[in-house]
Amino acid sequence: MKRIYVNEEWCLGCHLCEYNCAFANSGMTDMATALKGKPIYPRIHIEGNDKVSYAVSCRHCTDPICVKSCIAGAISKTDGVVRVDKNKCVGCLTCVLVCPYGSLAPDESGIMQKCELCLQNTCGEPACVKGCPNRAIVYEERGEDE
Amino acid sequence: MKQYVIIGNGVAAAGCIEGIRSVDKDSKITVISEENHPVYCRPLISYYLENKTDPERMNYRSADFYEKMGCDLFYGKKVIHIDADSQKVVLDDGTKLPYTEVCVATGSAPFVPPFEGLNTVEKKSNFMTLDDTFALEKAIDKDSNVLIVGAGLIGLKCAEGLHGRVAGITVCDLADRVLSSILDTDCAAIVQKHLEANGIQFMLGDTAVRFEKNSAQMKSGKTVEFDTLVLAVGVRPNTALVKDIGGEINRGIIVNEHMETSLENIYAAGDCTEGKDISLGQKRVLALLPNAYMQGHTAGVNMAGGEEVFDKAIPMNSIGFFGLHVMTAGTYEGELYEEKTDSSLKRLFTKDGLLKGFILIGKTERTGIYTSLIREKTPLDTIDFKTMKKVATSVAFSPENRRKKFGGVV
């Protein structure tokens, strides 16, 4: 199934993906209104050191431990996408405790949010991929199981 | 066709149902539920008191879950015996249900010490079930003073849940610190201080020895007046069904990594079991929701003739009080690495070249990377542990390992 992959040799560490993610999930139509002067809570983040950088977001694992561990039954996987029901989440952060990739972080209210591949927001395709200036984040089929 | 019976209807049972159905779409599954509720998120009962959720949202699965999964439910029924010879479970109303495989997912029950005079206390409650929670909610009002016996996870989450809905909350525990099962003395002191700053009062190293109506006589000689009593001393695994027919039990029902008990065609999962804690290298009861689901799933797959092992169990908790998050995992033995700021504390424990356990307070970003090091028993000499111990980050993995994790390169 299609997944988001990163190419750390090409990542510039520009953090544009974080802004594009926050904007795509803001529900707003203007990027400046959505983000200017506000702390952002993107569902993707750049990690790295002085030599390398790369973007980290949900891997939509074949056997997602967050789904099995959620104490609120709020995380599920349908059609290959791991989703969180923010209405059920209580912000206990058990998913943060178990995600081996360090992909998950809560929103500003402490409730979990996560990469859902922009399939249900206004972008319709992963905004981090679409906006990456160096094709360091791609959304493609590399033969991994759903 | 097989005929599965699941005794219990908690999260381990839900995992078992989903595990069975991942292999066998057709055979009948019968679930015996003592509680008159579909499977719900037990740890959310304190969030219910806080008004952060409600019974509908607390349902662990969607309303059509059992129907979709092809399950027959017996609500309000108790299994009194497993007849292993004839492969039947016997219900309290005399019904006998044949099985080809049975999963014992009976959970645990509150342990209530034989307090003198407990029967004279009018308003008292455990804090384990949704019905306990409704009863507690009925028993309190804004003028109530509540005494909680037990400063463990259940007692303290109850205190947080009641905060703002009652006049005063006192928590006592025979242990000298809060959360004594998961925190060391220093870490417990931080959490206690935070709870005290939010108005919770403590009497530690002290416990009730005698009750007389609305008054508790403490071990220290003090007296505590209260309106409502919550008993949260501890829980005990419900092992009787397996014990009665000669199955191997210790504190919990002994299971292997396939979730098989010592008895043929009888599996067990969840809080009633005792499986191997790989951080400790010994069997112990790990009464945790993620563990219950994963054990249940493994049991289900194997009951249905599939092959799944669950050999990565460790104690792990993510728990928050009044905005302060605490995450713990594994075993606190070996060499200590510590980082401390005004608002956070990190303790990592390493031994034999492995991360064995941690306690993180206040700062918990990407903690799952640490948890995975314990679960996967990652040799620390294969990663940049100098970087990793300061901050949980995948940068500390080798480039090859990282490409595998984030590039799908196998």
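All values derive from a computational prediction rather than experimental measurement.

### Considering the overall build of chain A
Then, number 1: Along chain A, the regular secondary structure elements total 5 helices and 8 strands.
Then, number 2: Reading chain A from its N terminus to its C terminus gives the helix and strand order β-α-α-β-β-α-β-β-α-β-β-α-β.
Then, number 3: Expected size for 146 residues packed as a compact globule is a radius of gyration near 15 Å; at 15 Å, chain A falls within 12% of this value.
Then, number 4: Counting only residues that meet the buried cut, chain A has 45% of its 146 residues in that class.
Then, number 5: Put simply, of all contacts in chain A between residues at least 6 apart along the chain, 59% involve residues at least 24 apart.

### Quick word on the domain arrangement of chain B
All names here are of chain B.
Then, number 1: According to the domain assignment, chain B contains domain 1 (3-109 + 236-303), domain 2 (118-233) and domain 3 (332-405).
Then, number 2: Its C-alpha centre places domain 1 at a distance of 30 Å from the equivalent point of domain 2.
Then, number 3: Listed as interface residues are 9 residues of domain 1 and, on the opposing side, 12 residues of domain 2.
Then, number 4: Across the side of domain 1 that touches domain 2, the residue classes tally to 5 nonpolar, 2 polar and 2 charged.

### Things to note about the interface of chain B and chain A
Then, number 1: Chain B puts 37 residues into the contact, and the matching count from chain A is 31 residues.
Then, number 2: At the level of secondary structure, the elements contributing two or more residues to the side of chain B that touches chain A comprise helix H8 (289-303), strand S22 (316-321), strand S23 (324-330), helix H9 (367-375) and helix H11 (399-407) of chain B.

### Thoughts on the confidence of the model for chain B
Then, number 1: The predicted model of chain B has a mean per-residue pLDDT of 97, with 100% of residues at 70 or higher.
Then, number 2: Predicted as a complex, the structure gets a pTM of 0.96 and an ipTM equal to 0.97.

### Details of the domain arrangement of chain A
Then, number 1: The domain architecture assigned to chain A consists of domain 1 (1-57 + 119-146) and domain 2 (61-114).
Then, number 2: Contacts between domain 1 of chain A and domain 2 of chain A engage 9 residues on the former and 10 residues on the latter.

Calculation rules
- Counting from 1, residues in each chain are numbered in the order their sequence is written.
- All chains are assigned letters beginning at A, and all ligands numbers beginning at 1, according to the order in which they are written.
- In view of the model being predicted, local features appear only for residues whose pLDDT reaches at least 70, and side-chain atom pairs are presented and counted only at 80 or more, with totals across whole chains, interfaces and linings using the full set of residues.
- A run of H or I in DSSP counts as a helix once it spans at least four residues, and a run of E counts as a strand once it spans at least two, with each numbered from the N terminus.
- We compute the radius of gyration from the C-alpha atoms alone; for a globule the expected value is 2.2 Å times N to the 0.38, where N is the number of residues.
- Put simply, a residue is buried when 20 or more other C-beta atoms lie within 10 Å of its own C-beta and exposed when 12 or fewer do; between those, it is partly exposed, and each C-beta is set from the backbone.
- Think of it this way: build a C-beta for each residue from its backbone, and any pair within 7 Å is a contact.
- Note that domain bounds follow an automatic or database assignment of domains.
- Throughout, the ten residues Ala, Val, Leu, Ile, Met, Phe, Trp, Tyr, Cys and Pro are labelled nonpolar, Asp, Glu, Lys and Arg are labelled charged, and all others, Gly among them, are labelled polar.
- How sure the predictor is of each residue is captured by pLDDT, a score from 0 to 100.

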